[in-house]
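Fold and contact review
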Amino acid sequence: KSKGIGYIKFHILFLALLIFASCSTGRPFASVKINAPKDDSYFQFIKADIMALQGETQKSTSELKKLIEKYPNIAFFHLLLAENYVREKHFSEALSSCKDAVKISPEFTEAKICIGKIYAIENKHAEAAETFSEIVRDDPKEEETYSMLANEYVFIKDYDRAIATLRNLLDVNPDSVVAYYFLGKIYEENLQNFPKAIAMYNEAVSIDSGSINVHEA
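Below or above, wherever it landed, is the structure these notes cover. All figures in this text were calculated on a predicted structure; none of them were measured in a lab. (Residues numbered from 1 in each chain as written. Predicted model: local features only at pLDDT ≥ 70, side-chain atom pairs only at ≥ 80, totals over all residues. Heavy atoms only, no water.)

**Re the nonpolar core**
By size, the foremost hydrophobic cluster in this structure holds 54 residues, and its most contacted members are Phe77, Cys98, Phe108, Ile118, Phe132 and Leu183. Per element, the largest residue contribution to this core is eight residues, and it comes from helix H4 (residues 75-87). Not counting residues within four places of it along the chain, the set of residues in contact with isoleucine 118 comprises Val86, Phe91, Ala94, Leu95 and Cys98. (Core = buried A, V, L, I, M, F, W, Y, C linked by side-chain atoms within 4.5 Å. Buried < 20%, exposed > 50% of the residue type's maximum accessible area, 1.4 Å probe, protein only. Helix = DSSP H or I, 4+ residues; strand = E, 2+ residues; numbered from the N terminus. Contact = heavy atoms within 4.5 Å.)

**What about the environment of glutamate 127?**
Tracing the sequence through the fold places glutamate 127 in helix H7 (residues 125-138). By relative accessible area, glutamate 127 is classed as partly exposed at 34%. As a C-alpha pair, glutamate 127 and glycine 116 span eleven residues in sequence and 7.4 Å in three-dimensional space.

**So, the packing of helix H10 (residues 177-190) against helix H11 (residues 194-207)**
Where H10 meets H11, the axes come as close as 8 Å, and the angle between the chain directions of the two elements is 160 degrees. Taken as axis vectors, H10 and H11 run roughly antiparallel relative to one another. Between H10 and H11 lies a crossing of left-handed hand. Contact with H10, carried on its side by Val177, Tyr180, Tyr181, Leu183, Gly184, Lys185, Tyr187 and Glu188, involves Phe194, Lys196, Ala197, Met200, Tyr201, Glu203, Ala204 and Ile207 of H11 and no other residues of that element. Residues of the contact of H10 with H11, tallied by class, amount to eleven nonpolar, one polar and four charged. (Axes fitted to C-alpha atoms, helices over the stretch in contact; angles between N-to-C directions. Parallel < 35°, antiparallel > 145°, perpendicular 65-115°, else oblique. Left-handed = near helix turned anticlockwise from the far one by under 90°. Nonpolar A, V, L, I, M, F, W, Y, C, P; charged D, E, K, R; others polar.)

**Considerations on H11**
Taking 1.5 Å per residue as the helical rise, H11 with its 14 residues ought to reach 20 Å, and the 20 Å between its terminal C-alpha atoms agrees with that figure. Residues Ala197, Met200, Tyr201 and Ala204 constitute the buried set of H11. Angularly, the buried residues of H11 cover 95 degrees about the axis, an arc narrow enough to put them on a single face. Opposite the buried face of H11, by more than 90 degrees, sit the exposed residues Pro195 and Ser206. Residue asparagine 193 occupies the N-cap position of H11, its side-chain oxygen lying 3.3 Å from the main-chain nitrogen of lysine 196. (Expected span 1.5 Å × (residues − 1). Arc of directions from axis to C-beta. Polar contact = N/O pair within 3.5 Å; in protein donor to acceptor, adjacent residues only side chain to side chain.)

**Some details on H7**
Between the first and last C-alpha of H7 there are 20 Å, a value that for 14 residues agrees with the 20 Å anticipated at 1.5 Å per step. In this structure, the buried residues of H7 make contact with helix H6 (109-121) and helix H8 (143-155).

**Quick word on the pattern of salt bridges**
Following the criterion strictly, the structure yields eight salt bridges and no others. With its nearest N and O atoms 3.7 Å apart, the salt bridge here joins glutamate 63 to lysine 47. Within this pair, whereas glutamate 63 is found in helix H3 (residues 57-70), its partner lysine 47 is found in helix H2 (residues 41-53), the two being separated by 16 residues in sequence. Of the residues examined, lysine 47 reaches a relative accessible area of 41% and is grouped as partly exposed. Connected through shared salt-bridge partners, Lys47, Glu63 and Lys66 make up one network. (Salt bridge = Lys/Arg side-chain N within 4 Å of Asp/Glu carboxyl O.)

**Quick word on the packing of H6 against H8**
For any two helices packed against each other, the geometry is given by the interaxial angle and the distance between the axes. Two numbers describe how H6 lies on H8: the axes approach to 12 Å, and their chain directions differ by 25 degrees. As the angle between them shows, H6 and H8 are arranged roughly parallel. H6 and H8 meet at a crossing whose hand is left-handed. On H8, the residues that touch Ile113, Lys117 and Ala120 of H6 are Glu144, Thr145, Met148 and Glu152. Looking at the contact of H6 with H8 residue by residue, the classes come out as three nonpolar, one polar and three charged.

Below, the structure written as structure tokens:
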């Protein structure tokens, strides 16, 4: 997941957010026009998005900052800004922007995941594990987070908790090839328990016999 929602869906969400922002100013709903906001914010976002896609990250960041000045309470803008900062390897600024997004929207899972990933990039694996653990606790159906959490536990050599995390993923999705694959990797590479590793890989293959990564394990 790159941004958590499809590209087209985000543009629809963007317009909805701008409409909501207009409503929140106290004007009656009848005064809000559905076709477009009166300013050029939507096109400003398109410009920032295209710049980011073309690698012009600094210019994109500048446009996003202008958008945030207009709409400071739209959490997604702060996340987009954080993603630009990550591309530029400005991790402290990225972390700050992600935390701003969560402050605005405490249930914004994508922003929380971004925080955990930044901690992981900075080799702050205990902090990353704590962040991913909170996400799993609050949103147990967010399957991707289990593997990220298990990976952080492996970094800090807490293999029991890594295995328990992947077992919890199997409780959520018994057919998770990812869970069985990473269980196999832990048993093989970290614990040298080869019979269990083979058993986990076989489980993965039985679910998805076309999995290249599993056959390469």
